[in-house]
Amino acid sequence: MTGALYRLRQTTAQHWGLYAAGLAAALLATGALAGRAIAGGPLLLTTTLALVAGALAYAVARELPSRKPDAAPRPLARERLHELELGLLLLVAAYALIHLTGGVRSFLYPLVYALASFLAILHRFRGNAILWFAAAVGLELLTGFVSAPGRASAIVTYHVVFLGFFAAGNALVLSSLVRRLRGDHAARVRGELLRMRREARDFRLLASQRPSASSSHGRALSRDREDVETQMAQGAVEGIHEQLRFTVELLRAALDLHGCAALWTDGDASPTLSIKAIACDDPEALAVGEALKTPGLLATTLRESRALRLSALGKRRPPYYRGPARVHELCAVPIIDAGGRTCGILCADRSQPRPFDDADEARLTAAAAHLVRVISQERAFTTIERDKYEQEQFYRASEQLGQALTLEDVYARTFAAIEAIADHDLAAFTAYDDRARTHEVLAVHAPAHAGEREAWRELARRLEGLQFADGPCLVSMALKNRHSMPAANGPFEPETVVFTPRTRLSRARSLLVLPLVRGEQALGAITLASEKPDRYPAATREMLRVISHQVAVSLQNARMYASMEARATTDGLTGLTNHRAFQERLATLHALAERSRQRFSLILTDIDHFKQVNDTHGHPVGDAVLKRVAAVLRGRSRKVDIVARYGGEEFVLVLPDTDAAGAELFANELREEVAAQTMTGDAGPFKVTISMGIASYPDDAEDRRELIERADQALYHCKRNGRNCVIRHDRMPRR
């Protein structure tokens, strides 16, 4: 009974909004119906409005963003429930106002149509929109029946049609508009990122210059990491553009030019030029867009990396002009980087027949060299920033792993650290048992960005808890060789056995198995899989290798911590909770019970005539008896129960959410099972019995020490009255 009440309280706390909306709807119906016969109707309607207003205020406050920066996101089911509650409360409030102001003739009736449009547009879960519409129809039936009983059907049909029209119309029109605006915004963001990425690649500010030729998805770094690098390079790109613009403007003024342009090449075998900066007296004649279809007159400069001077161009024109231009003289010098590669061309032209001389060419060459130095400096700064970013990732990963005390912490922090470094669709943590020569998958992680979510989720479910022996698989080979597998970055064959032949990673195109080794001891492995190729190049492997060493240390520390914690909290003979840990767990349960008024019962028991067992059969047999009794107590108990060795031959059980009657029934079952056990000793087989005393919180005592004392009194009474029985403190004879 107590457990049922507790569960009811929990359910009420979780679904209070639905209950408030239901109660408000009931009050609304009562007030509306009573308004036709008695004077209490408006009072009930006003009460409904007050109830809904309070519930709405709380619901709105609950939906405000949390001020805690590390607040955990709410589960999706709770988000759906909260949205449903808020909509129902708004509907009930609107109809309560309508009933108070005249029913179907109320001047506030358009509020319902506005509310229907509002809910239809802003809902996140389609099921909630359907439930809201059904609730609105029910409230319309109530309104029509109360306000116009003779014409209820016609009025309700009329209003429901309008409700559907407003809801569907606004949902279709405005939702389409919202989707289009979001799509346009996303397209602009993607376009800007692509432009910035192209600029950064042109200036060689990114570690990875272009996608792998084997796949449109194949990149040395993940798209997310490349976006981060692009954003880091944005300042450098803007700085380079500012220098380019300043240089061409300065050259145009200093050399009395008609136009000056800085063109850049993409470095391919058939290079394409693009305009990075240009200054001209005739902007209307310039080429549209950045990319130039052909180098035209500048092909020789690109091909031979030498300066070019042309006079009397006539109808010929540089490629950065789109139509007839007043260009008579042209001088172009290559922009050559530190590696001797021609990365661009600096062009100058004049409209007057005044040829360029050696001094002009020297100035242009010096300006080109200056641009190369500027770009080299920005490239160095970007490299430093990128290295700093990667070092920060390493530092965070090491810091997180260093704080892990439990095995679950090690798994979670390892997955978080790897996700910050390498792109993957699946990560699996396996442990290795050197004695049994078996592997076990302890944890599996599928990141939120995984492409084929359902396929990877299904694979993760199949892998959880998987056990397999050493054999011809990549995990075993990685541990035997103490080296990551496959040995080099390359295409992964889906038929390769990673764990077992029945769990092939058929969707994977990139795979990496990292052995976890501490000294000479093989602890396990981390397996990463991605559906995109070329995800684990040498640089990424090296970073993950360093992380794997830290993971191995953290894993060993966590195992040692778990072993020490078990020794500190577990009785070495019986495997039950020891006396100190029992007192701590009881204090925690008692504090919780004081807040929630939850009942619990405490059973204190000891083995009858245990000294006689030791004297007759010896202490080793006595230890075996303690283990057997402990096994019975542990085997019969629930996971939430506390089962501990209290001291000597005494044991204690704490049963949460259990009253005295339930504890008595359970204790008698334990007593009978122990009495049915047959023990063996040198003097022959024998049996033992136990005596048990019960005290319940809060009926027998509210203080936990007093509760233990009451249970001990019941046990002592049991021992004085024949043993092999169960006594509740509340049934002891009063003196």
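Before reading on, note that the structure itself is shown above.
Rules of the game
- Residues numbered from 1 in each chain as written.
- Predicted model: local features only at pLDDT ≥ 70, side-chain atom pairs only at ≥ 80, totals over all residues.
- Heavy atoms only, no water.
- Helix = DSSP H or I, 4+ residues; strand = E, 2+ residues; numbered from the N terminus.
- Buried < 20%, exposed > 50% of the residue type's maximum accessible area, 1.4 Å probe, protein only.
- Contact = heavy atoms within 4.5 Å.
- Areas by Shrake-Rupley, 256 points an atom, 1.4 Å probe, with all protein chains shown as cover.
- Expected span 1.5 Å × (residues − 1).
- Arc of directions from axis to C-beta.
- Pairing = 2+ DSSP bridges.
- Axes fitted to C-alpha atoms, helices over the stretch in contact; angles between N-to-C directions.
- Salt bridge = Lys/Arg side-chain N within 4 Å of Asp/Glu carboxyl O.

Observations concerning the overall build of the protein chain
Counting secondary structure elements, the protein chain contains 19 helices and 15 strands. Buried residues in the protein chain amount to 45% of all 735 residues. For the protein chain, contacts bridging at least 24 residues in sequence account for 66% of all contacts bridging at least 6. Of the accessible surface of the protein chain, which amounts to about 37300 Å², a share of 56% is contributed by carbon and sulfur atoms.

Some remarks on helix α11 (residues 407-421)
Its 15 residues place the ends of α11 21 Å apart at the C-alpha level, agreeing with the 21 Å of an ideal helix rising 1.5 Å per residue. Every buried residue of α11 is accounted for by Val-410, Tyr-411, Thr-414, Phe-415, Ala-417, Ile-418 and Ile-421. End-on view of α11: buried residues confined to an arc of 165°, all on one side of the axis.

Thoughts on the sheet that holds strand β15 (residues 726-728)
Taking strand neighbours across the sheet as the criterion, the five strands line up as β12-β13-β11-β14-β15 in an open arrangement whose pairing is mixed. Each edge of the open sheet carries a strand with a single partner, namely β12 (642-647) and β15. When strand polarity is set aside, the average angle formed by the axes of neighbouring strands in this sheet is 20°. For strand β11 (residues 600-607) and strand β14 (residues 690-697), the ladder comprises eight bridges, and the chain directions are antiparallel. Looking at the pairing, Ser-601 lines up with Ser-696 of β14.

Examining the pairing of strand β5 (residues 342-350)
With respect to burial, β5 is a largely interior element, nine of its nine residues being buried. Pairing of strand β1 (residues 259-265) with β5, which is carried by six bridges, proceeds in the antiparallel orientation. Note that in β5 the partner of Trp-264 across the bridge is Gly-344. Counted between consecutive antiparallel strands, the loop separating strand β4 (residues 329-336) from β5 contains five residues, among which Gly-340 sits at a positive phi close to 80°.

Quick notes on the side chain of Ser-696
Here Ser-696 lies in strand β14. Take Ser-696: its relative accessible area is 2%, and that puts it in the buried class. Apart from residues no more than four positions distant in its own chain, Ser-696 is found in contact with Phe-600, Ser-601, Asp-659, Ala-660, Ala-701 and Leu-707.

Structural notes on the pattern of salt bridges
Considering all chains together, one arrives at 27 salt bridges under this definition. Put simply, Arg-309 and Asp-358 hold a salt bridge, and the shortest N to O gap is 2.5 Å. Of the two residues, Arg-309 is situated in strand β3 (residues 308-311) and Asp-358 in helix α10 (residues 358-402); the sequence distance between them amounts to 49 residues. The class of Arg-309 is partly exposed, set by a relative accessible area of 36%. Overall, Asp-358 belongs to the exposed group, its relative accessible area being 55%. Through salt bridges with shared partners, one network takes in Glu-664, Arg-728, Asp-730 and Arg-731.

Side note on the sheet that holds β4
Judged by pairing direction, the sheet is antiparallel, and its five strands sit side by side in the order β2-β1-β5-β4-β3 without closing on themselves. Unpaired on one side and paired on the other, β2 (273-280) and β3 mark the two borders of the sheet. Here the average twist between neighbouring strands, direction ignored, is 15°. As judged from the seven bridges shared by β1 and β2, these two strands associate in the antiparallel manner. The partner of Leu-263 across the bridge, within β2, is Ile-275.

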